[in-house]
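Okay, here's what each chain looks like letter by letter:
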Amino acid sequence: PPKKTRNKADNPDRIIALITGDSGTGKSFFVGSMKNALIIDSDLGGGLAYLDEHIEKNNSERIELYRYPDILAEMRVRAASGRLPANIVIDHVTVLQQEANLRHNPSQESDFGRSGAKASGEWKQIREFARTFDCNLWVVSHQKNEFEKEKVVGKIADGAKNIEGDMHIVLRLVKQRDKKN
């Protein structure tokens, strides 16, 4: 089981990674194939349920949680009991960020970014937990358009503000075209 490190400095052997891409690029299958992982499925109705047999064969476990605070609480309980696996997967952070934004601003009125900052703060608690304990953190997100001066200039991960900067590794999955395309 992962052990708490003496300081919060990043362990060079630890992986904190973001897997991002458009729908259909294999993000969920990729993380569903992790061995010895706690796979946190945030899709209502269990988006990864179709992989349950595959997940079990890899000595991993899938649980369904839909809020950042619930995920952090689960990680803390497992760490305290010595049951925190080497790999923690969150599939996907996009819906968790949306839920947190709505929870902090149910009326969706302009609040000058305060609700987004609170939601991102919840994400950062999870990230810091992973940095404190000796475990790998794999996070999945969808992509969204990035804008500058009202023009699309690229794609970025759809999650907490600057989530890509929180990671050691960012993997962008793209669907390979077949001969017909």
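Look up a bit, the structure's there.
Residues numbered from 1 in each chain as written. Predicted model: local features only at pLDDT ≥ 70, side-chain atom pairs only at ≥ 80, totals over all residues. Heavy atoms only, no water.

1. Examining the pairing of strand 5 (residues 136–148)
- Judged from the five bridges that link them, strand 1 (residues 16–21) and strand 5 form a sheet pairing that is parallel. Considered in strand 5, the bridge of isoleucine 16 is made with leucine 137.
- Summarising the sheet, strand 4 (residues 87–91) and strand 5 pair through five bridges and their orientation is parallel. Counterpart to asparagine 87 in the pairing with strand 5 is asparagine 136.
- In this structure, strand 5 lies alongside strand 6 (residues 151–158), joined through seven bridges in antiparallel fashion. Within strand 6, the position partnered with glutamate 146 by the bridge is glycine 154.
- Once strand 5 ends, the chain turns through two residues before running back antiparallel as strand 6, passing lysine 149 with a positive phi of about 50°. (Pairing = 2+ DSSP bridges. Helix = DSSP H or I, 4+ residues; strand = E, 2+ residues; numbered from the N terminus.)

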